[in-house]
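Fold and geometry: a report
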Amino acid sequence: MPTKLPPVDIVIVGLGWSGGIIAKELADTGLKIVAFERGAPRATDPDFRAPQVHDELRYSVRHELAQNLRKETLTFRNDPSQQALPMRRLGSFLPGDGVGGAGAHWSGLHWRWLEWEHKMYSGTVAKYGRKIVPADMNLQDWPIDYHDLEKYYDTFEKVCGTSGKAGNLRGRKIDGGNIFEGPRTSEFPNPPLNQSHNMVLFEKAARESGYHPFPIPASNSSRAYVNPDGVMLGPCHYCGFCTGYGCEMNAKASPHFTVIPLAARNPHFEVRANSMVLKVNLDSSGKRAVGVTYLDARGRELEQPADLVILAAYVFGNVHLMLHSKIGKPFDFASNTGVVGRSYAYQAMGGVSALFNKDTYFNPFMGSGALGTWFDDFNGDNVDFGKAGFIGGAGISSGSNSGAPIGRRPTPPGTPRWGSVWKKAVVDTYQHVTSVGTQGSVMSYRQCYLDLDPTYADSFGRPLLRLTFDWQENEFRQADYLTPICEQIARKMGADQVLARRRRARYSIVPYQTTHNTGGTVFGDDPQTSALNKYLQSWDVSNVFVIGSSVFPQNAGRNPTGPVGALAYRLADTLKHTYLKCPASLVSRA
Amino acid sequence: MSDEKREVRLVNRRALLQLVGAGTAATAVPLAVAQGGAANHADSHGQPAPTPTAAGSTASSQPQAKPTYLFLNANEAAFIEAAVDTLIPSDEVGPGALELGVAVFIDRQLGSGYGRGDRLYLQGPFIEGTPEQGYQMRMTPSELMQAGIADVNAHVQEKFQTTFDQLSPADRAAVITELETRKVTLPTVPTGTFFELLYELTMHGYFSDPIHGGNKGKGSWKMVGFPGVSAVYADKIVEYRNKRYVTEPISIQDML
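The text that follows walks through the structure, step by step, so that each part is easy to find. All figures in this text were calculated on a predicted structure; none of them were measured in a lab.

1. Points about the overall build of chain A
Counting its regular elements, chain A contains twelve helices and 22 strands. What you see for chain A is a C-alpha radius of gyration of 23 Å, in line with the 25 Å of a compact globule of 590 residues. Here the C-alpha coordinates of chain A stretch approximately 70 × 55 × 55 Å along the principal axes. When the 590 residues of chain A are sorted by exposure, 65% land in the buried category.

This is the structure in structure tokens:
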């Protein structure tokens with residue numbers, strides 16, 4: 001029997017952006033809050049001190065700040081007819097680990113999703129009719145819209161010191177910003193980062209093509225900045241050690257130095273790092289959570305009773321805990337019923353590499369994680385879905401993020417992979433190549449889902465989560481449509497050679513693509529197609545809330561952190577002003 | 001006080017040694033070229049090595065102590081030295097992997113947590129999956145490497161009646177090509193898995209920070225023009241648009 005600890009008011013599972021924001025916003029309630037983090041405690045100094053943090057092998061190649069698969073992983077298969085096998089090495093995505101979560105090592109692309117991206121189903125059907133939605137596609141609206149979230153988007157940008165340029169201030173469209181964005185109440189807190197050479201070329205080529213390029217909203221602070229909470233962010237050095245690394249300057253916004261230390265001002269707040277929550281415990285009715293069971297660093301099994309449990313882990317952790325704890329009806333592929341694990345989605349990365357002549361210098365090592373220029377002319381619902389034959393779109397961009405040479409040793413096509421010819425080609429190409437990339441939306445489908453694996457277990461003895469996912473025709477068509485546009489832009493930028501990077505093939509768990517996984521605990525208005533109500537509360541166990549991109553019904557063609565942070569601020573408001581005053585179901589089941 | 005002084009002297013001495021090391025690496029290439037009497041490194045002639053091991057001859061052409069291996073046995077070390085020298089030879093474009101210490105890097109990596117699979121899921125059952133499902137064996141990187149070396153040496157023994165490191169550079173390149181193109185089937189380790197591990201570790205060692213034991217004197221960084229880790233470009237990114245930014249690279253060790 002695990003040792004039972006004295007009860008607390010609130011347990012938060014996972015201490016990244018979501019958990020950190022909730023803990024900080026609830027600090028002034030004075031409630032007893034315990035935040036569990038499976039990984040280690042982290043501080044900028046000494047953990048992210050330069051020069052040691054600028055170690056490409058350690059952070060970018062060996063993924064020091066990501067999940068350790070020896071402890072837990074998932075199994076994967078492309079379709080339900082296959083046997084799923086464990087992801088034994090990290091590859092396709094890199095879930096974070098440690099205080100700050102993936103927020104400590106993200107790139108910093110900080111978006112507000114477009115208005116349509118919160119209403120993909122109704123927005124699509126209104127224009128094209130129901131018939132455009134394929135039978136196997138779980139196209140669904142968010143139960144709230146952009147306007148419900150605007151003030152939270154605004155708060156999160158100010159906390160992060162996001163650098164950018166507004167394209168829609170209270171309905172007034174502004175050239176140079178993203179004219180497709182929803183109306184904003186205020187300008188970005190910091191001006192855009194400085195552009196690298198490839199971005200200048202990209203912007204010009206995009207404008208000449210009639211598109212509307214703008215600087216990517218970057219939570220890499222373009223100047224020294226004090227946020228509304230009084231937290232100082234340093235100016236970005238454009239050091240090129242950003243994605244996958246901690247930031248020694250605190251220029252890349254991260255929960256470990258922004259919201260989490262403020263949460264700790266609550267004398268009743270406690271972080272338990274190196275503590276693995278195994279399960280949410282329910283009472284005998286199965287309708288009420290009574291706390292969590294966890295392993296401490298030594299491996300002692302402890303039970304932490306609590307009145308309220310907030311799951312704020314990564315997508316896979318949230319879904320796994322819901323399934324393993326038997327909260328909500330698990331999705332069953334055969335009968336197409338159940339909700340937990342349903343509607344897993346991903347993101348489709350594509351585009352072209354662009355090789356320039358020897359007189360063009362990109363200095364690829366000058367950059368930051370979110371430094372890039374982007375246009376949305378083919379993103380959101382800006383494409384005519386009826387004519388194009390697919391739903392969704394992609395952002396098209398060119399950026400300067402890293403020149404570290406384990407990751408960057410480009411050669412022209414046809415070059416041998418080793419030997420003297422290869423070496424000369426790397427030297428001749430290193431400075432002269434850039435890319436025009438797409439970041440595409442991915443819809444949810446009946447056949448793409450998460451459930452528990454029948455064979456494999458994690459190091460704690462729990463069944464692994466099983467991922468069933470493959471690219472579908474809709475996303476192939478999207479790539480077929482967008483790649484030639486990237487190619488045209490690259491040519492217009494002046495590239496001598498342009499190489500398409502994406503082709504029709506099955507999804508592979510092996511190469512890194514993106515850590516933008518979504519779904520599995522979707523929020524919505526219908527308990528038949530959502531695990532959570534619109535307040536992110538479990539339909540079935542009303543004192544369990546879930547926050548993170550696991551709540552998205554499908555994925556957009558841009559990064560998820562902006563809406564994840566905004567939803568966390570909204571959830572904190574819901575808890576503070578509504579739920580904690582009268583703990584009950586906030587939406588009655590029809 | 002005296003402790004402080006000693007520390008300063010120690011740091012200076014270390015910096016000095018590093019400069020000497022860098023200088024050595026830089027002069028080793030022209031020296032080898034002069035001895036070979038041709039434009040290329042002696043190893044690229046395809047002639048039988050004059051000394052027992054080709055790799056040994058390369059190492060001995062440098063006025064440096066022979067590396068001490070912590071993990072690899074003598075046969076494995078000889079294989080790795082010869083293999084990295086074949087994958088990235090020394091030539092007029094830049095330094096080779098062997099002279100940059102990549103064999104030492106691989107030795108250290110295989111003996112570390114990485115080599116022992118400390119971040120891999122290694123629980124069974126072990127079932128061969130699809131390529132999309134990725135690596136499915138129970139071997140750690142160090143086990144893979146050791147078994148693969150034994151496999152390749154057995155193959156070379158059968159074909160050439162000698163070990164890989166004893167082959168001429170041309171024959172070594174031919175064997176590496178066989179591995180790369182999966183023309184030979186190894187008995188223990190799938191050929192592709194072994195080649196890709198060897199290839200990946202060679203690249204990592206050649207291009208990573210010298211703190212890990214490879215890329216001595218920041219040779220590969222100088223070659224491609226990567227300025228290293230002391231990276232403050234806020235005042236340069238605009239100024240150097242479309243202009244080549246060149247500077248002496250800085251490594252982690254340089255800044256400590």
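2. Description of the sheet that holds strand β20 (residues 463-468) of chain A
Residues and elements named next belong to chain A. Read from one edge of the open sheet, four strands run β5-β4-β20-β19, paired in mixed fashion. The strands lining the two open edges of the sheet, one partner per strand, are β5 (85-86) and β19 (449-457). One ladder, built from two bridges, connects strand β4 (residues 74-77) with β5; its direction is antiparallel. Within β5, the residue paired with Phe-76 across the bridge is Leu-85.

3. Focus: unusual backbone geometry
Residue and element names in this part refer to chain A. Cis geometry marks the peptide bond from Asp-45 to Pro-46, where omega comes out at 15°. Following the sequence through the fold, Pro-46 ends up in helix α2 (residues 44-47). Following Ala-50, the chain continues into Pro-51 via a peptide bond in cis, with omega recorded as 5°. If you check the backbone angles, Tyr-238 has positive phi at about 55° while not being a glycine. If you trace the backbone, Tyr-238 turns up in the loop between β10 (232-233) and α7 (259-263). Accessibility expressed as a relative area gives 4% for Tyr-238, which makes it buried. Even without being glycine, Lys-326 reaches a positive phi, approximately 60°.

4. Comments concerning the packing of aromatic side chains
With the rule as written, the count across this model stands at 50 aromatic pairs over all chains. Geometrically, the ring pair formed by Phe-333 of chain A and Tyr-449 of chain A is stacked, given 5.6 Å between the ring centres and 10° between the ring planes. In this pair, Phe-333 of chain A is assigned in the loop between α8 (315-324) and β15 (348-355) and Tyr-449 of chain A in strand β19, connecting sequence segments 116 residues apart. We classify Phe-333 of chain A as partly exposed; its relative accessible area is 27%. Residue Tyr-449 of chain A is classed as buried on the basis of its relative accessible area of 3%. Counting every residue linked through ring pairs, the aromatic cluster contains Tyr-59, Phe-241, Tyr-245 and Phe-365 of chain A together with Trp-221, Phe-226, Tyr-233, Tyr-240 and Tyr-245 of chain B. Directly above the ring of Tyr-114 of chain B sits Arg-62 of chain A, whose terminal nitrogen or CZ lies 3.6 Å from the centroid. Positioned above the aromatic ring of Tyr-430 of chain A is the side chain of Arg-408 of chain A, whose terminal nitrogen or guanidinium carbon lies 5.5 Å from the ring centre.

5. Looking at the sheet that holds strand β16 (residues 372-375) of chain A
With antiparallel pairing, the six strands of this open sheet are ordered in space as β8-β16-β17-β18-β15-β21 (chain A). Bordering the open sheet on either side are β8 (214-215) and β21 (497-500) of chain A, each of which pairs with just one other strand.

6. What about empty space enclosed by the protein?
Residue and element names in this part refer to chain A. Applying the stated criterion across every chain yields a total of seven cavities of 30 Å³ or more. Approximately 130 Å³ is the volume attributed to the largest cavity. Taken together, 16 residues form the lining of the largest cavity, with Cys-236, His-237, Cys-239, Cys-242 and Cys-247 sitting closest to its centre. The wall of the second largest cavity is formed by 13 residues, among which Trp-111, Asn-178, Glu-181, Phe-188 and Pro-217 lie closest to the centre. The class makeup of the residues in the lining of the second largest cavity is six nonpolar, one polar and six charged.

7. Side note on the side chain of Arg-558 of chain A
Residue and element names in this part refer to chain A. With respect to the helices, strands and loops of the structure, Arg-558 is situated in the loop between β22 (544-546) and α12 (561-579). Arg-558 sits in the buried class, given a relative accessible area of 0%. For Arg-558, the side chain forms a polar contact with the side chain of Asp-376, separated by 2.9 Å.

8. Quick look at the pattern of salt bridges
Residue and element names in this part refer to chain A. Taken as a whole, this structure holds 40 salt bridges over all chains when the rule is applied. Salt-bridge contacts for Asp-79 lead to Arg-506; the nearest nitrogen and oxygen are separated by 2.8 Å. Placement of Asp-79 in the loop between β4 and β5 and of Arg-506 in the loop between β21 and β22 is noted, with a sequence separation of 427 residues between them. Since its relative accessible area comes to 18%, Asp-79 is described here as buried.

9. Thoughts on the interface of chain B and chain A
Residue-level contacts link 73 residues of chain B with 70 residues of chain A. Between chain B and chain A, a total of about 5900 Å² is buried, with carbon and sulfur atoms accounting for 61% of that surface. The largest share of the area that chain B buries against chain A comes from Arg-119, Tyr-121 and Glu-132 of chain B, three residues that together contribute 15% of it. Along the contact surface separating chain B from chain A lie three salt bridges.

10. Quick notes on helix α5 (residues 146-160) of chain A
Side chains that are three or four residues apart share a direction in an α-helix, a result of its 3.6 residues per turn. Residues and elements named next belong to chain A. With 15 residues, α5 ought to run about 21 Å at 1.5 Å a step, and its terminal C-alpha atoms sit 19 Å apart, in line with that. When the local axis directions of α5 are compared, the greatest deviation, roughly 30°, occurs at Tyr-152. Within α5, the full set of buried residues consists of Tyr-146, Leu-149, Glu-150, Tyr-152, Tyr-153, Asp-154, Phe-156, Glu-157, Val-159 and Cys-160. Elements in contact with the buried residues of α5: α1 (17-25), β10, α7 and α12.

Thresholds applied
- Residues numbered from 1 in each chain as written.
- Chains lettered and ligands numbered in written order.
- Predicted model: local features only at pLDDT ≥ 70, side-chain atom pairs only at ≥ 80, totals over all residues.
- Heavy atoms only, no water.
- Helix = DSSP H or I, 4+ residues; strand = E, 2+ residues; numbered from the N terminus.
- Rg over C-alpha atoms; globule rule 2.2 N^0.38 Å.
- Buried < 20%, exposed > 50% of the residue type's maximum accessible area, 1.4 Å probe, protein only.
- Pairing = 2+ DSSP bridges.
- Phe/Tyr/Trp six-rings, centres within 6.5 Å; stacked < 30°, edge-to-face > 60°.
- Lys NZ or Arg CZ within 6 Å of the ring centre and 35° of its normal.
- 1 Å grid on protein atoms, 1.4 Å probe; cavity = no way out; pocket = protein on both sides within 12 Å on 5 of 7 lines; lining within 4 Å.
- Points joined across faces, edges and corners; volume = space filled by probe spheres on them.
- Nonpolar A, V, L, I, M, F, W, Y, C, P; charged D, E, K, R; others polar.
- Polar contact = N/O pair within 3.5 Å; in protein donor to acceptor, adjacent residues only side chain to side chain.
- Salt bridge = Lys/Arg side-chain N within 4 Å of Asp/Glu carboxyl O.
- Contact = heavy atoms within 4.5 Å.
- Buried area = accessible area lost by both parts, 1.4 Å probe.
- Expected span 1.5 Å × (residues − 1).
- Bend = angle between axes of the 7 residues up to and from the residue.

Function cannot be read off these values alone, since they describe shape.
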